[in-house]
Amino acid sequence: MKKVLSLVLVLALALVVFPFVSYRTSAAPLPSPSIINGYENICLTYHFRPASGLSANQTIADLLPYVAYLDTNKNIQDFFFDSYLFLPYNSTAPSGATLHGGTNNPTIASDWTAYVDDVFLNNYNVNALNSAMGRAKTTLKNDTKKAGVFFTILYPAHNQKNFGSLGGKELDLSKKEDREYAIKWIIDEQIRRYTEKGYEHLDLVGFYWLEEEIYSEFDRSMMLYASEYLHSLGLKFIWIPWYQAPGYSQWQSYGFDLACLQPNEIWQSTTMPNRVYDCGELCKTYGMSMQIETRHETAQQNYFDRYIKYLHGGIKCGAMDAVKFYYQDGKTGVYYAACYSDEPLFRSVYDLTYQYAKGTLTEEDLGLEEVPPFEVPEDVDWVSYGKTYTGCQSYTDGNGMPYQDVSGNELTDGVLGNSTNGTEWHAYHKSILDEENRMSTTIDLGEVHTGLTHVMAQFNDYHPFNIGAPNDLKIYISEDGENFTLLATPKVKHYDDDFYINYVPKTPFDARYVKMSFTNSASYNFVFCAEFLVGKQIEESDPGTSSEDTTEDSAENPPIDSSEDSSDVSSDVSSDVSSDTSSGESSDETTDDPSDSSDSSDSSDSSDSSDSSDTSDSSDTSDTSEPIEPPEPHVHERNGGWHHDEYSHWYECDCGVALNIGTHIVSDWKVTVQPTVESDGVREKRCTICTMVMESEILPKLDYGYGDFNKNGEVDSMDYFMLKRNYFGILTSDEEQLVIGDVNKSGAIDAIDYVMTKRIYFGIYSY
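Residues numbered from 1 in each chain as written. Predicted model: local features only at pLDDT ≥ 70, side-chain atom pairs only at ≥ 80, totals over all residues. Heavy atoms only, no water.

(A) How the structure looks around the overall build of the protein chain. The helix and strand tally for the protein chain stands at 13 helices and 29 strands. Across the 767 residues that make up the protein chain, the buried fraction comes to 50%. Residue pairs at least 24 apart in sequence account for 71% of intrachain contacts in the protein chain once pairs closer than 6 positions are excluded. Entry remark: accessible area of the protein chain is about 34400 Å², with carbon and sulfur atoms responsible for 48%. (Helix = DSSP H or I, 4+ residues; strand = E, 2+ residues; numbered from the N terminus. Buried < 20%, exposed > 50% of the residue type's maximum accessible area, 1.4 Å probe, protein only. Contact = heavy atoms within 4.5 Å. Areas by Shrake-Rupley, 256 points an atom, 1.4 Å probe, with all protein chains shown as cover.)

(B) Structural context of the packing of aromatic side chains. Under the defined criterion, the tally for this structure stands at 35 aromatic pairs. With a centroid separation of 6.0 Å and 85 degrees between ring planes, the pair formed by Tyr 155 and Trp 209 is classed as edge-to-face. On the criterion of sequence distance, the pair formed by Tyr 155 in the loop between strand S5 (147–153) and strand S6 (164–166) and Trp 209 in strand S8 (residues 202–209) is long-range, its members being 54 residues apart. Counting every residue linked through ring pairs, the aromatic cluster contains Tyr 66, Tyr 69, Phe 80, Phe 81, Tyr 326, Tyr 335, Tyr 350, Tyr 354 and Tyr 356. Sitting over the ring of Phe 79, Lys 145 keeps its end group 5.3 Å from the ring centre. Just above the ring of Tyr 476 sits the side chain of Lys 515; from NZ or CZ to the centre is 5.8 Å. (Phe/Tyr/Trp six-rings, centres within 6.5 Å; stacked < 30°, edge-to-face > 60°. Lys NZ or Arg CZ within 6 Å of the ring centre and 35° of its normal.)

(C) Region of interest: the sheet that holds strand S22 (residues 509–520). Read across the sheet, five strands follow the order S14-S16-S22-S18-S19 without closing on themselves; strand pairing throughout is antiparallel. Each end of this open sheet is capped by a strand with a single partner; those strands are strand S14 (389–391) and strand S19 (485–488). Ignoring which end each strand starts from, the neighbouring axes of this sheet average 35 degrees apart. (Pairing = 2+ DSSP bridges. Axes fitted to C-alpha atoms, helices over the stretch in contact; angles between N-to-C directions.)

(D) Inspection of the pairing of strand S16 (residues 439–452) at higher detail. For S14 and S16, the ladder comprises three bridges, and the chain directions are antiparallel. Bridge pairing in S16 links Thr 390 to Thr 442.

This is the structure in structure tokens:
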């Protein structure tokens, strides 16, 4: 049931009410692969971190698990990602500028040329992708398939007047024509180098605008210029703004063919259960792709669970069947690590992502619980119907909206939330809280009821109007209205437009007063509740007993048209209450009163409530009192990363118990610091599971001089010949040769290196 509530919502720092304007727009179709020449799965491929040298660049081995799907025996089974976006890390450029900084510490011309050099670095990045794709095609016996490629346009900041020279022209980026010149140069230069290489297995699709938000009024004209120029070349223009970044919803007006919205949930310190689903709705509204995001911590259960929500969100909103982008850290990426992991949980990240990329992933594959719709059971005597309640008053601002026609019995009148703008809602607002700075309601059942078996509540879900889930929900009970005991912290469930609780305790409880207490999720101002229900299971009549005697006050109970399977039992004290904390906004939640945790078990001790004068079966002398439920057993769960000593590794539970204890499995030697002509290197053996360094040794600096490419002890004509062929991609080289051949120490072999080698050979230059 769709409930679009006509509200006006409030505000940031003060209670400001704006005129009601409909949020929903005509939904645009999610982007089809046909928009970008049939490519569907774009892997973000980072490769430029100058301070890290070659170690940040992508090799053939790094890229192979991306171009090809590898089984657990590391055999190629299929193609995987079909396209790749090459872009720089968010790091410091060679000049000291910030690569993703926009107008803050902007880049200069030498940073741009260094970046383009890195894109086409021999044996790395684009070159490595071409080789990896060729290897996959050979194995899969496919002669025609190509990997799509997108290159990056760095940001020409209008406040960078002393930019430097590109293509022999000195540029002042405060001038519009110079900004456009810089954009054209970085497009043309990458196309030129791409064309000269003649990559057999790649297909240049388009270019990416690096910055993820609109910084100033200068951006639109620069983007439109880039768009027009790229389109004149038959190329595409793409963008990936962060979640609700400035300008994201107007992406088409900037000339982009395709834009992808980042959910940005995976980096939050606390989970935001609805962020991915909200992002999916925005993508449907504005016709955008939704980015899948992961990080290396996804090997841990809590981050794994968050990643599953990304995949599930893509299934639910239809993004799985549209163009998809994937962020997964830099080299080596998460999917690489997951592919080669022996941990089943982490390996499944690779396998599930492959299924998602292919459009075959299902909710069953993700192991997600099927949540039923909210329905009220008919076989329960709802003793709360028509009863009075106290607590936080319903929010009204006098603007005449129907939900503000408050009668004071919305929570106990038996009317469920099933309209778009009705009077069934009690509107809790963050400005109206109880003495504990929480939202709460206490129902007075009129007398102590014994054997209560059900507590339910129905809430609204409409985030565009700042209505979110109840957070940290607790149920308290009391017989006198003063001394309350915590009964449960039931799980808040989400189905379609509803949040709800359906709490059925293992042991019935006694109470006259039942209190529901919660906070609003920090991102949202409101929590809307339609019904707060308390009841007891109706027992089947004994033969011969009149059906009129089966319930008390049954005539007073309003009829209900729906039923619920009461087997849906939450744990008495659950810690899984929904949380939806958004970055950048302060939370209104307060620390729970320590008394809340004083008793988390069912507090009732129901005695035999049968009529003591009933002697119909005097021979039955068994004790009919309710048994005391034992506490729930503690389930050990790992918390944090690996612990290790010299011999073994393990996870730890919060209680201190060691889990998953295993002995170290030692890897082969791996060079972690490449030796150079001037300095020693390092190689290590690590545990393949916990990555603890097991053995380390120094690699002596190279015995060869710069330019001695063939390592024969002297610089000769053959060195110059081989180095030039290496530069043009005709000849491959090993790691040592890449160091020796880098005569100018720029971090890569370029044309200057083979010119300097020639001069060393003729005695014109020495180092």
